[in-house]
Amino acid sequence: MRRGRRRLRPPNPYAAIPFATWEQLTEAVPDIVDVMVRYLEQIACILRPGSVHNTDQCLRAFATYLIQRHPQVRTVAAIGRPQIEGYKPWLLARPGQNKPTLAPATSAHRLGVLRMFFMRIDEWGWPEAPSRVPMFHGDIPVQDHALPKALDDPSASALLRAAQADRRQLIGLTVEVLLRT
């Protein structure tokens, strides 16, 4: 391969279908976009740029869903349970970055960000907020994380011996308290 030439990769068959841009969304649902963009401006004051970027993607995904499946919804205040209940399977059916569907953690993250959007605009008393938050804690899927495993007796004894051999007494004491609780 020659220097300076890039090797072309085959296209990713699972590349995510892009969400609508803010410009496209503004043409379709300007009142919803206004609230979402103001929200992004507010959280940009308190969150890291990467978090704001992720929130931007999550809100654009939801707005894209609304214009595709619920074109009659024109304001944030009009969003209710039917839109949330329809969004969850729509989101799960989308392709992931390298997989045919989104990873469970990604869908949980996007739903969590959307729930936080509704909770914050309600707490902030924005007049555009729905009369009640349309999402519940139960709308966010539970992640399948393995429970932590306890140390077996030989490993616990070895850890305690190593901690007691440390010249700092606090290390030995802390490990002993942890092992005995």
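Please refer to the structure placed before this passage.
Fair warning: this is a prediction, and the values are worked out from it, not measured in the lab.

Chemist: Can you break down the overall build of the protein chain residue by residue, with the values?
Modeler: Broken down by element type, the protein chain carries seven helices and zero strands. Secondary structure of the protein chain in N-to-C order comes out as α-α-α-α-α-α-α. For the protein chain, the spread of C-alpha atoms along the principal axes amounts to about 70 × 60 × 30 Å. Within the protein chain, the fraction of its 181 residues that count as buried is 34%. Sequence-distant contacts in the protein chain: of pairs separated by 6 or more residues, those separated by 24 or more amount to 61%.

Chemist: Which residues make up the side chain of Asp 139, and what values go with them?
Modeler: Structurally, the position occupied by Asp 139 is in the loop between helix H5 (104-123) and helix H6 (153-165). We classify Asp 139 as buried; its relative accessible area is 6%. Among the polar contacts made by the side chain of Asp 139, one reaches the side chain of Arg 81 at a distance of 2.5 Å. At 2.9 Å, the side chain of Asp 139 and the side chain of Lys 88 are in polar contact. In contact with Asp 139, other than residues within four places in its own chain, are Arg 81, Ile 84, Lys 88, Leu 111 and Pro 134.

Chemist: Now, about helix H2 (residues 30-43): what can you tell me, with residues and values included?
Modeler: Look at H2: 20 Å from first C-alpha to last across 14 residues, which is about the 20 Å you get at 1.5 Å a residue. Inspection of H2 places Ile 32, Val 33, Val 35, Met 36, Tyr 39, Leu 40 and Ile 43 among the buried residues, and these make up the whole buried set. Axial view of H2: buried residues confined to an arc of 165°, hence all on one face. Among the structural elements, helix H1 (22-28), helix H3 (49-69) and H5 are those in contact with the buried residues of H2.

Chemist: Got a sec to walk through the nonpolar core? Specific residues and values, please.
Modeler: Core analysis: the largest hydrophobic core is formed by 36 residues, its most contacted members being Phe 62, Tyr 87, Leu 114, Phe 117 and Phe 118. Among all residues touching Phe 118, those that are not within four sequence positions of it are Phe 62, Val 76, Ile 79, Ile 84, Pro 130, Val 133, Pro 134 and Met 135.

Chemist: Help me get a handle on the environment of Asp 144, residues and values and all.
Modeler: Of note, Asp 144 is situated in the loop between H5 and H6. Given the relative accessible area of 79%, Asp 144 is considered exposed. Spatially, the C-alpha atoms of Asp 144 and Pro 104 are 8.8 Å apart, while their sequence positions differ by 40 residues.

Chemist: A description of the pattern of salt bridges should follow, citing residues and the corresponding values.
Modeler: Inspection of every chain in the model, using the stated rule, returns seven salt bridges. In this structure, Glu 85 engages Arg 81 in a salt bridge whose closest nitrogen and oxygen atoms are separated by 3.4 Å. One end of the pair, Glu 85, and the other, Arg 81, are both in helix H4 (residues 81-92), four residues apart, so they sit about a helical turn from each other. Under the relative-accessibility criterion, Arg 81 is labelled buried at 17%. Note that Asp 166 and Arg 168 form a salt bridge whose closest N and O atoms lie 3.2 Å from each other. Judged by its relative accessible area of 26%, Asp 166 falls in the partly exposed class. Shared partners join several salt bridges into a network, and the residues in it are Arg 81, Glu 85, Lys 88 and Asp 139.

What counts and how
- Residues numbered from 1 in each chain as written.
- Predicted model: local features only at pLDDT ≥ 70, side-chain atom pairs only at ≥ 80, totals over all residues.
- Heavy atoms only, no water.
- Helix = DSSP H or I, 4+ residues; strand = E, 2+ residues; numbered from the N terminus.
- Buried < 20%, exposed > 50% of the residue type's maximum accessible area, 1.4 Å probe, protein only.
- Contact = heavy atoms within 4.5 Å.
- Polar contact = N/O pair within 3.5 Å; in protein donor to acceptor, adjacent residues only side chain to side chain.
- Expected span 1.5 Å × (residues − 1).
- Arc of directions from axis to C-beta.
- Core = buried A, V, L, I, M, F, W, Y, C linked by side-chain atoms within 4.5 Å.
- Salt bridge = Lys/Arg side-chain N within 4 Å of Asp/Glu carboxyl O.

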